[in-house]
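# Architecture at a glance
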Amino acid sequence: MNDNQKRNIPISIPSMGIEEWEALKAPIESGWITQGPKVKEFETLFAKRHQVKHALAVSNCTTALHLALLACGVQPGDEVLVPAFTWVSTANAVVYCNAKPVLVDVDPLTFNIKLDEIAAKITSKTKAIIPVHLFGLCADIDYIKKYFPQLKIVEDGACAAGSALNGKPAGSLGDVGCFSFHPRKSVTTGEGGMLTTNDDAIAAHLDRLRNHGASISEEQRHHGPKPYILPAFEDVGYNYRMTDLQGALGVVQLGKLDQFIAERNEWAAYYTNKLSDLPWLRTPLVAEGYAHGWQSYVTFIDESKAPMKRNDIMEFLQQRGIATRPGTHAVHMLGVYANMLNVKPNDFPGAFACDQYSMSIPLHNKMVKADYDYIIDALHSLNG
Ligand SMILES: *Cc1c(COP(=O)(O)O)cnc(C)c1O
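Bear in mind the structure is a predicted one, so any value in this text is a computation, not a measurement.

In terms of helices and strands, the chain carries 13 helices and 15 strands. Taken over the C-alpha trace, the chain has a radius of gyration of 21 Å; the compact-globule value for 384 residues is 21 Å, and the two agree within 12%. Considering only C-alpha atoms, the chain reaches an extent of 75 × 55 × 35 Å along its principal axes. Within the chain, the proportion of its 384 residues that are buried is 53%. Taking as baseline every contact in the chain between residues at least 6 positions apart, the subset at least 24 positions apart corresponds to 72%. Total accessible area computed for the chain in this model is approximately 16500 Å², and 53% of it derives from carbon and sulfur atoms.

When a strand is regular, its side chains alternate between the sheet's two faces. For strand β14 (residues 297-301), a buried count of five out of five residues is recorded, marking the element as mostly surrounded by other parts of the structure. Residues of β14 alternate between two faces, with Y297, T299 and I301 on one and V298 and F300 on the opposite face, all of them buried.

So, about the site of the ligand. In the vicinity of the ligand, 15 residues are found, and the nearest of them are C61, T62, D156, S180 and K185. In this structure, S180 approaches the ligand through a side-chain N or O atom, which is 2.7 Å from an oxygen atom. K185 is positioned such that a nitrogen or oxygen atom in its side chain is 2.7 Å from an oxygen atom of the ligand. Within the complex, the protein chains bury 90% of what would otherwise be the 380 Å² of accessible surface of the ligand. Mapped onto the shell around the ligand, the elements with two or more residues apiece are α4 (61-71) and α5 (89-96). Counted by class, the shell around the ligand contains six nonpolar, seven polar and two charged residues.

Turning to the sheet that holds strand β8 (residues 164-165), a few remarks are in order. In spatial order, the strands read β9-β8-β13; together these three strands make up an open sheet with antiparallel pairing. The open sheet is flanked by β9 (168-169) and β13 (290-291), the only strands paired with a single partner. Two elements, β8 and β9, share two bridges in a ladder whose sense is antiparallel. Paired with L165 across the two strands is K168, which belongs to β9.

Of note in this structure, F111 is not a glycine but carries a positive phi near 70°. For F111, the position within the fold is in the loop between β4 (106-107) and β5 (112-113). The class for F111 is buried, based on a relative accessible area of 6%. The backbone of N166 shows a phi angle near 50°, a positive value even though the residue is not glycine. Tracing the backbone through its elements, the reader meets N166 in the loop between β8 and β9.

It is worth spelling out the nonpolar core at this point. If you look at the biggest cluster of nonpolar residues, it comprises 50 residues, and the most contacted ones within it are L69, V80 and L195. The greatest single-element share of this core, amounting to seven residues, is contributed by α4. Here this core spans two domains, since at least three of its residues come from each of domain 1 (18-256) and domain 2 (258-381). Sequence-distant contacts of L195, that is, excluding residues within four places in its chain, are made with H54, A55, L56, V58, A64, L67, A68, V176, G177, C178 and L206.

The full count for this structure, using the stated rule, is 17 salt bridges. In this structure, K256 and E20 form a salt bridge, with 2.9 Å as the shortest nitrogen-oxygen distance. On the criterion of sequence distance, the pair formed by K256 in helix α9 (residues 244-275) and E20 in helix α1 (residues 18-23) is long-range, its members being 236 residues apart. A salt bridge links R210 to D207; its shortest N-O distance comes to 2.8 Å. Counted as one network, the salt bridges with shared partners bring together K40, E43, D207 and R210.

Moving on to the domain arrangement of the chain. Examined at the domain level, the chain breaks down into domain 1 (18-256) and domain 2 (258-381). Here domain 1 and domain 2 have C-alpha centroids that lie 26 Å from each other. Counting from both sides, the interface comprises 40 residues of domain 1 and, opposite them, 38 residues of domain 2. Viewed at the interface, domain 2 and domain 1 are joined by one salt bridge. One salt bridge connects D258 with R49, and the closest N-O pair in it is separated by 2.9 Å. Our enumeration of links across domain 1 and domain 2 arrives at 18 residue pairs in polar contact (both at pLDDT 80 or more). Residue assignment for the side of domain 1 that touches domain 2 shows that the elements contributing at least two residues are α5, β3 (100-104), β8 and α9. Broken down by element, the side of domain 1 that touches domain 2 gets its largest block of residues, four residues, from β3. Split by residue class, the side of domain 1 that touches domain 2 holds 23 nonpolar, nine polar and eight charged.

For helix α13 (residues 369-381), which comprises 13 residues, the first-to-last C-alpha distance of 18 Å matches the rise-based estimate of 18 Å (1.5 Å per residue) to within 8%. Among the residues of α13, D371, Y372, Y374, I375, I376, A378 and L379 are the ones counted as buried. Contacts from the buried residues of α13 go to α9, α10 (310-319) and β15 (358-361).

Mapped onto the elements of the fold, H205 is located in helix α7 (residues 200-209). Every residue in contact with H205, bar those within four places of it in the chain, is listed here: L70, A71 and D235.

What follows covers the environment of R210. Looking at the secondary structure, you find R210 in the loop between α7 and α8 (218-222). C-alpha of R210 to C-alpha of A57: the two residues are 153 residues apart in sequence and 8.8 Å apart in space. Setting aside residues no more than four positions away along its own chain, R210 makes contact with Q35, E43, L56, A57, V58, L67, Y238, N239, Y240 and R241. Within the local environment of R210, its side chain forms a polar contact with the side chain of E43, the two groups lying 2.8 Å apart.

Calculation criteria
Residues numbered from 1 in each chain as written. Predicted model: local features only at pLDDT ≥ 70, side-chain atom pairs only at ≥ 80, totals over all residues. Heavy atoms only, no water. Helix = DSSP H or I, 4+ residues; strand = E, 2+ residues; numbered from the N terminus. Rg over C-alpha atoms; globule rule 2.2 N^0.38 Å. Buried < 20%, exposed > 50% of the residue type's maximum accessible area, 1.4 Å probe, protein only. Contact = heavy atoms within 4.5 Å. Areas by Shrake-Rupley, 256 points an atom, 1.4 Å probe, with all protein chains shown as cover. Near = heavy atom within 4 Å. Polar contact = N/O pair within 3.5 Å; in protein donor to acceptor, adjacent residues only side chain to side chain. Nonpolar A, V, L, I, M, F, W, Y, C, P; charged D, E, K, R; others polar. Pairing = 2+ DSSP bridges. Core = buried A, V, L, I, M, F, W, Y, C linked by side-chain atoms within 4.5 Å. Domains from an automatic or database assignment. Salt bridge = Lys/Arg side-chain N within 4 Å of Asp/Glu carboxyl O. Expected span 1.5 Å × (residues − 1).

Structure follows, in structure tokens:
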């Protein structure tokens, strides 16, 4: 392959344009740049799109998870079920509450929590479960609700803006939903997160917790009749607010979400079709009833049939300018949790396999057909 044929395809780049630039003007010109009217507008649109009563913006999905657990009543010493293959912050949020993350293995076919392993992990201390909608594919919340009605359900929908299960959007399926607007997700505000719920009391609690425990927001106070009276503080809260600069970006990005997903859907189908002849590469499974959000397109390498090991395939592609990543990491194999929970790699064989053999290939809204064809050709050329 000569140099002018070589392409350079990042794993992901945000899709932003002139509309995002222009949206930043209003908060900059008004001078109201922390949580204010733009955050409110973003929340209203997000709630509508995800068919929930309340959406509350926060600084990122990790802080969303922390507040969701607190608002669900997770106390020190409680146990919270967490899939063993997810971004580390799903488990970290449990530790922030001085509760214990109890890992549950995942199914390598979906990369999501293994439903038939949940029951064995439940004790008298189990308060909640955090099913993760990994890479934009919903976990089966309907099943969890039906068989484990005693558990509070916090959806980690970091990757799942716009995803759905049986016609119901992510974030409307459990007690509280948590979303991320990190640049690796399909819509972004730089950093940013969102909480969703249909429960009025939980929403009010979350609203206080994200804003130092204050009974009303700064915007309400400044624009109310007595701005000089400080609010009441009845909870130990946090400053997990989103800025209005981010809110302004979020309004524009959310307006593009459905178009982004439609395009990703089309290219995911293209990949799946063109890669189906490679016996060593399993393309993502999307069962009946699932609307995938395609935050990432994650394949699974069968090393017993593959021409080389997963990491060598990643290196081969890297040399050709194609970025890849493992889907994510196995929490039980990270030093911090291996030590804290005293677990071994083979305690969670599904998560171990996903950690070792998953491979995310580029799928984002700045790619063109020639990029997809280049990647498809590179994968085929591996056969020699
Ligand atoms: C990205 C991600 C997070 C963290 O989101 P931040 O907004 O970066 O805090 C949490 N869980 C999952 C599954 C993620 O993919």
